[in-house]
Every structure is written in C-alpha cells, then in structure tokens.
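Tertiary structure, described
Single-letter residue listing:
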Amino acid sequence: MVEKRSEIWEWMKALFIAIIVAFIVRAFFFTPVVVEGASMAPTLHDQNRMIVTKIGEPKRFDVVVFHATGEKDFIKRVIGLPGDRIEYKNDMLYINGDPYDEPYLDKSKEAVKDGPLTYSFTLRETPVGGDVVPEGHLFVMGDNRRNSMDSRHIGAIPIDKVVGTTNIVLWPIQEIKIIDK
C-alpha cells in the first residue's frame, strides 16, 4: 500500500512540474495563435495556426501579433520602426527616402489589374499624423493591402502591445511553412 501511494505521489509531482513548465514556456517564451481574417493574405490564411515567439524586439518586415483592443489581437507586418519616415508612392515603399523591395507582395501586385496594390500615402495622412513613427511605436501593415485594418487606419502600434513575432505556420499540414521577409 505504501509503495502504491509513493508511486501516485511521484506521478502527481511529475504532472505538477510539467504544468508549471508549460505555464512558464507559454507565458514567457512561446504561445499559439490562430489567424483570423484575410488581412495577411496571401502570406497567411484564415485559420492558420502559428507559434508566436515572445523573445527579442521586432525588426523591420517581421510578422507580429499585437493587442489591438482589449479582446482582439491582430497579425501584421512591421513596416516602420521608431523614427522612420514612411511613404508609399506609385506602389513603392520608401523608408527614410530609400526605396524598399517587398518580395512578399509580388504575387498580389501581379494579380491586381485596376490600380496599385498599395495606394500612395505619407505618415502625415494616417492617424500617426506626424512625419516619423513615434518613439516606442511601430508602423504595421497587412500583406493584403486593399483589405487590412492596419496603421494606415488605427495609427502606430505601441511596442508594449506587441505579443511577439511569428514566422512558422503549423496548421493546416498542407500549409506548413516558414514565412520569408
């Protein structure tokens, strides 16, 4: 009887430790996320399952998950970092006056026949309102430029609202991939 109780106690300890480790990993390092909507198409699709990494600062062109509202998270691509001057002109991204290629948009640009994929704008014409991305903020956009609620509509995103970066699609199986920048 004592031997049986000892074995049960060992199993309970192992289960408790596993739960604590899982909690720590999820709280501080990684967390799953489900894509909702088409704002990141064709890069990501509705109901894709991904892993968010909570380690490190977001870099330009990273895909990030952030708290958009109290109950809703968004997934978008980082276009502008603090202090950057962002402008779109003739479907071309300019950061601090330099043109940047966005290869992840190539297929979408080819498919669009009735104008540019990304309409021209400057930061001043967005809710950001200034000439540069404010300190402590990011300027983010969805890859589906014509159908994305992003910094052009909601303004710059406070970095402290960013959950983490993501670049691995885990589900569905036929769509498993690592996202390129």
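A quick note: this is a predicted structure, and the numbers were derived from the prediction, not measured. (Residues numbered from 1 in each chain as written. Predicted model: local features only at pLDDT ≥ 70, side-chain atom pairs only at ≥ 80, totals over all residues. Heavy atoms only, no water.)

1. Concerning the overall build of the protein chain
A tally of helices and strands in the protein chain yields three helices and 12 strands. Over its C-alpha trace the protein chain gives a radius of gyration of 21 Å, far above what one expects of a compact globule, namely 16 Å for 181 residues. Counting only C-alpha atoms, the protein chain reaches 80 × 35 × 25 Å along its principal axes. Sequence separation of at least 24 residues holds for 59% of the intrachain contacts in the protein chain that already meet a minimum separation of 6. (Helix = DSSP H or I, 4+ residues; strand = E, 2+ residues; numbered from the N terminus. Rg over C-alpha atoms; globule rule 2.2 N^0.38 Å. Contact = heavy atoms within 4.5 Å.)

2. Observations regarding the pairing of strand β2 (residues 49-53)
Residues M50 and V52 line the buried face of β2, whereas the alternating positions R49, I51 and T53 sit on a face that is not buried. Bridge analysis of β2 against strand β11 (residues 162-171) gives five bridges, and the strand direction is antiparallel. Across the sheet, residue R49 finds its bridge partner in β11, namely W171. (Buried < 20%, exposed > 50% of the residue type's maximum accessible area, 1.4 Å probe, protein only. Pairing = 2+ DSSP bridges.)

3. Some points on the side chain of R77
Residue position: R77 is located in strand β4 (residues 73-80). Looking at R77, its side chain comes within polar contact range of the main-chain oxygen of F61, at 3.0 Å. (Polar contact = N/O pair within 3.5 Å; in protein donor to acceptor, adjacent residues only side chain to side chain.)

4. So, the pattern of salt bridges
Inspection of every chain in the model, using the stated rule, returns seven salt bridges. A salt bridge links R145 to E102; its shortest N-O distance comes to 2.9 Å. Of this pair, R145 sits in the loop between β9 (137-141) and α3 (151-154) while E102 sits in the loop between β7 (98-100) and α2 (106-111), and the two are 43 residues apart along the sequence. Each member of the pair, R145 as well as E102, carries the same accessibility label: buried. (Salt bridge = Lys/Arg side-chain N within 4 Å of Asp/Glu carboxyl O.)

5. Some details on the confidence of the model for the protein chain
Here the protein chain averages 82 in pLDDT, while 92% of its residues score no lower than 70. For the protein chain, the element scoring lowest by mean pLDDT is helix α1 (residues 2-28), at 69; β9 scores highest, at 93. (pLDDT = per-residue confidence, 0-100.)

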